[in-house]
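Observations on the model geometry
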Amino acid sequence: MNEVFEFFPIFHVAFPLLIFELPLIKRKYEFNRFALIVGSLLPDIVDKPLLFMNLGSGRGISHTILFILISFMILHLIVKKKMNISVPFLLGMAFHLLLDLPEVPLFYPFIEYEYILIEDPFELWLNNLFNNPIVYLTEIAGFLILIFILINNRLFNSKDIINFLKRNTDLVTR
Ligand SMILES: [Zn+2]
């Protein structure tokens, strides 16, 4: 099996978290990292199960600009317009689509896209995870980024980690 099946759950979480480690962002904005993480995984949470059930391509309905805008607006209303939750959620989803490029049906349903149908997606994913260097090296990089973030923020117990995910403790208030 030589088909490529690129699916990077760890990297999808690690990359946006790393961007939010930038001092410029970290010191300036209040944000909730739970929302960022959920956003950065949501397109795959919706599309990958559809793929595994043979109901979609794995990059279908939730890998579109329309989907991320609608989800953003729904969450924005649910959290009573708290931007520190809804904006990281939107950015998480945007980073996800960016990392999945170029095979992303961004403008679906306004533009039709053709998909390569995969017969046994689960087997193909496992095969790629262990045999495709792009896939496993990216996931290893994601894992190392997460370790770096834990050490960089001295997150050595679950209480500190939860606190770190809930609010931006490095915010400089003036
Ligand atoms: Zn994806």
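Bear in mind the structure is a predicted one, so any value in this text is a computation, not a measurement.

**Quick notes on the overall build of the protein**
Helix and strand content of the protein: eight helices and zero strands. Relative to the 2.2 N^0.38 estimate, which gives 16 Å for 174 residues, the radius of gyration of the protein is 17 Å and therefore close to what a compact globule would have. Reported as C-alpha extents along the three principal axes, the dimensions of the protein are approximately 55 × 35 × 25 Å. Here the protein, with 174 residues, has 29% of them falling under the buried criterion. Taking as baseline every contact in the protein between residues at least 6 positions apart, the subset at least 24 positions apart corresponds to 72%.

**So, the confidence of the model for the protein**
Taken as a whole, the protein shows an average pLDDT of 89; of its residues, 95% reach a score of 70 or greater. When mean pLDDT is compared element by element in the protein, helix α4 (residues 65-78) scores highest at 97, while helix α6 (residues 121-131) scores lowest at 81.

**A few points about the packing of helix α1 (residues 9-19) against helix α3 (residues 33-52)**
Remark: α1 packs on α3, axes separated minimally by 9 Å, with the N-to-C direction vectors making an angle of 140 degrees. At the point where α1 passes α3, the crossing takes the right-handed sense. On α3, the residues that touch Pro 9, His 12, Val 13, Pro 16 and Leu 17 of α1 are Arg 33, Leu 36, Ile 37, Ser 40, Leu 41 and Asp 44. Broken down by class, the residue content of the contact of α1 with α3 amounts to seven nonpolar, two polar and two charged.

**Here we look at unusual backbone geometry**
Excluding glycine, residues mostly have negative phi values, and the peptide bonds linking residues are mostly trans. Omega for the peptide link from Leu 101 to Pro 102 comes to 5 degrees, which places this bond in the cis form. Take Pro 102: it is sitting in the loop between α5 (83-100) and α6. Of note, the amide linkage connecting Tyr 108 to Pro 109 takes the cis form, showing an omega dihedral of 5 degrees. Mapped onto the elements of the fold, Pro 109 is located in the loop between α5 and α6. Look at Lys 81: it is not a glycine, yet its phi comes out positive at around 60 degrees. Within the secondary structure layout, Lys 81 lies in the loop between α4 and α5.

**Observations regarding the nonpolar core**
Soluble globular proteins: nonpolar side chains tend toward being buried together. Judged by nonpolar contacts, the single largest core of 22 residues is most densely connected at Ala 14, Leu 36, Phe 89, Leu 90 and Met 93. Only α1, α3, α4 and α5 provide two or more residues apiece to this core. Of the residues forming this core, the biggest block, six residues, is contributed by α5. Sequence-distant contacts of Leu 36, defined by excluding residues within four places in its chain, comprise Pro 16, Leu 17, Phe 20, Phe 31, Pro 88, Phe 89, Leu 91 and Gly 92.

Definitions and cut-offs
Residues numbered from 1 in each chain as written. Predicted model: local features only at pLDDT ≥ 70, side-chain atom pairs only at ≥ 80, totals over all residues. Helix = DSSP H or I, 4+ residues; strand = E, 2+ residues; numbered from the N terminus. Rg over C-alpha atoms; globule rule 2.2 N^0.38 Å. Buried ≥ 20, exposed ≤ 12 C-beta atoms within 10 Å, placed from the backbone. Contact = placed C-beta atoms within 7 Å. pLDDT = per-residue confidence, 0-100. Axes fitted to C-alpha atoms, helices over the stretch in contact; angles between N-to-C directions. Left-handed = near helix turned anticlockwise from the far one by under 90°. Nonpolar A, V, L, I, M, F, W, Y, C, P; charged D, E, K, R; others polar. Core = buried A, V, L, I, M, F, W, Y, C linked by C-beta atoms within 7 Å.

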